[in-house]
Amino acid sequence: LAIAMLTADGTRRSETTFALERGRAQRVGAKEFSANGLLLRDQVWGPADELVRDDLYFADSGGPRRTTRYQRQGNERWAEVVEYFASGQVAFRGRYLAPPRAPQQPTGPHHRFDAQGTLAAESIYSATGKLLRERAWAADGQLMVDDAIDDATAQGSAKPGAPNQ
């Protein structure tokens, strides 16, 4: 079952797809379109109405702008995010802890790239979302910034000498 929203001239602007499961409609997909019909957003839901994939596209070219893949590991939900330049080259790659109905929390390495695909910056986050280290490189590959965040700063209000959590 699909429900589409159209403009007065018949251009499709959005579409939501449902599947019948145990006598009730379960949302499985949603798409948004630009005024000229290009796909702007494509979302897929899994069981329990949980978002599994969320892809955004550039309005002028239809190329990918941002892809987000959600997955579960035990009781935790994670988002793998990739952002793109208009050329299609990867601009950013990172991972977030993504609890339902709560802000996403960065974790692990997050990489920013220049338009040629060269690593330009890296931020490393703890499992609790605290920034641990930042590095940045010049266009010629020379390391320009290498800042390690000390434990007291990384743990917010932790007292000096307190063990790492």
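Note that this is a predicted model, so its numbers are computed, not measured.

The rules behind each value
Residues numbered from 1 in each chain as written. Predicted model: local features only at pLDDT ≥ 70, side-chain atom pairs only at ≥ 80, totals over all residues. Heavy atoms only, no water. Helix = DSSP H or I, 4+ residues; strand = E, 2+ residues; numbered from the N terminus. Buried < 20%, exposed > 50% of the residue type's maximum accessible area, 1.4 Å probe, protein only. Pairing = 2+ DSSP bridges. Axes fitted to C-alpha atoms, helices over the stretch in contact; angles between N-to-C directions. Phe/Tyr/Trp six-rings, centres within 6.5 Å; stacked < 30°, edge-to-face > 60°. Lys NZ or Arg CZ within 6 Å of the ring centre and 35° of its normal. Salt bridge = Lys/Arg side-chain N within 4 Å of Asp/Glu carboxyl O.

A. Highlighting unusual backbone geometry. The backbone of Arg-22 sits at a positive phi, close to 50°, despite the residue not being glycine. With a phi close to 55°, Arg-101 is a non-glycine residue in the positive phi region. Locating Arg-101 in the fold gives a position in the loop between strand 8 (90-97) and strand 9 (105-113). Classification of Arg-101 as exposed rests on a relative accessible area of 85%.

B. Spatial organisation of the sheet that holds strand 8. Strand order across the open sheet formed by 12 strands is 1-2-3-4-5-6-7-8-9-10-11-12, with antiparallel pairing between neighbours. Unpaired on one side and paired on the other, strand 1 (2-6) and strand 12 (143-148) mark the two borders of the sheet. Neighbour-to-neighbour, the strand axes of this sheet turn through a mean angle of 10°, independent of strand direction. Of the pairings in the sheet, the one linking strand 11 (residues 131-137) to strand 12 comprises 5 bridges and is antiparallel in character.

C. Spotlight on the packing of aromatic side chains. On inspection of all chains with the given rule, the structure shows 0 aromatic pairs. Arg-27 extends its terminal NZ or CZ atom over the ring of Trp-45, reaching a point 3.8 Å from the ring centre.

D. Just the pattern of salt bridges, in detail. Following the criterion strictly, the structure yields 14 salt bridges and no others. For the salt bridge of Arg-27 with Asp-49, the shortest nitrogen-to-oxygen distance reads 2.9 Å. Of the two residues, Arg-27 is situated in strand 3 (residues 24-33) and Asp-49 in the loop between strand 4 (39-46) and strand 5 (50-57); the sequence distance between them amounts to 22 residues. You can call Asp-49 partly exposed: its relative accessible area is 38%. Note that Asp-55 is salt-bridged to Arg-53, the shortest N-O span being 3.1 Å. The class of Asp-55 is buried, set by a relative accessible area of 4%.

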